[in-house]
Amino acid sequence: MSVTYTSPHHSEEDPGGLIREVLNLGDAFPGPAADILLSWSLRLDDSLPAAEAARRLLERYDLQAGEPPAGACGELVVLLRQAAEAPPPASGRRRGGWRSRRH
């Protein structure tokens, strides 16, 4: 199934521009940050590891270091930083579960 995103912020590492939209909201973003991170990670193409995508986003939006923004937006930045440092899955696949067992 192919998905087409119309956001001007769409990129390989930010499908649909979801992360950029939250950053644009800033203090007005009510959260929860974990839900956004999950939605973002599920939108990523299987060929792009989440850690690599997170590193690219943090660099693009200049959020690699320093104090994160306040509120839920800042929580998302912290989660992205954690995702960027995550080791790759032992199996080498980003996703598993039932998808990998289908015939």
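About the cut-offs
Residues numbered from 1 in each chain as written. Predicted model: local features only at pLDDT ≥ 70, side-chain atom pairs only at ≥ 80, totals over all residues. Heavy atoms only, no water. Core = buried A, V, L, I, M, F, W, Y, C linked by side-chain atoms within 4.5 Å. Buried < 20%, exposed > 50% of the residue type's maximum accessible area, 1.4 Å probe, protein only. Helix = DSSP H or I, 4+ residues; strand = E, 2+ residues; numbered from the N terminus. Phe/Tyr/Trp six-rings, centres within 6.5 Å; stacked < 30°, edge-to-face > 60°. Lys NZ or Arg CZ within 6 Å of the ring centre and 35° of its normal. Salt bridge = Lys/Arg side-chain N within 4 Å of Asp/Glu carboxyl O. Axes fitted to C-alpha atoms, helices over the stretch in contact; angles between N-to-C directions. Parallel < 35°, antiparallel > 145°, perpendicular 65-115°, else oblique. Left-handed = near helix turned anticlockwise from the far one by under 90°. Contact = heavy atoms within 4.5 Å. Nonpolar A, V, L, I, M, F, W, Y, C, P; charged D, E, K, R; others polar.

(A) Broad picture of the nonpolar core. By size, the foremost hydrophobic cluster in this structure holds 24 residues, and its most contacted members are I19, L23, I36, W40, L76 and L80. At the level of elements, helix 1 (18-25), helix 2 (33-43), helix 3 (50-60) and helix 4 (71-84) are the ones that each hand at least two residues to this core. Among the elements that line this core, the one with the most residues is helix 4, at 7 residues.

(B) Structural detail: the packing of aromatic side chains. All told, the structure shown has 0 aromatic pairs when counted by the stated rule. We note R20 situated over the ring of Y61; from NZ or CZ to the ring centre the distance is 4.6 Å.

(C) View of the pattern of salt bridges. Under the counting rule described, the total for this entry stands at 5 salt bridges. The partner of R56 in a salt bridge is E12, with the nearest N and O atoms 2.9 Å apart. Residue R56 is found in helix 3, and its partner E12 is found in the segment before helix 1; the two are separated by 44 residues along the sequence. Overall, the relative accessible area of 30% leaves R56 in the partly exposed class. For E12, a relative accessible area of 45% puts it in the partly exposed group. For R56, the salt bridge goes to E13, with nearest N and O atoms at 3.1 Å. A residue pair is termed long-range when its members are at least 10 positions apart, and R56 in helix 3 and E13 in the segment before helix 1 qualify at 43 residues.

(D) Representation of the packing of helix 3 against helix 4 in the model. Running from amino to carboxyl end, helix 3 crosses helix 4 at an angle of 130°, the nearest separation of the two axes being 7 Å. Taken as axis vectors, helix 3 and helix 4 run oblique relative to one another. In this structure, helix 3 meets helix 4 at a crossing whose hand is left-handed. Listed contacts from helix 4 to A51, A54, R55 and L58 of helix 3 are V77, L80, R81, A83 and A84. Across the contact of helix 3 with helix 4, the residue classes break down as 7 nonpolar, no polar and 2 charged.

(E) Geometry of the packing of helix 2 against helix 4. Contact pair helix 2 / helix 4: the axes reach a minimum separation of 8 Å and the direction vectors enclose 45°. By the criterion of interaxial angle, the relationship of helix 2 to helix 4 is oblique. Crossing angle aside, the handedness with which helix 2 passes helix 4 is right-handed. Taken together, the residues of helix 4 that come into contact with helix 2 (itself represented by A33, A34, I36, L37 and W40) are A72, E75, L76, L79 and L80. Among the residues making up the contact of helix 2 with helix 4, the classes are represented as 9 nonpolar, no polar and 1 charged.

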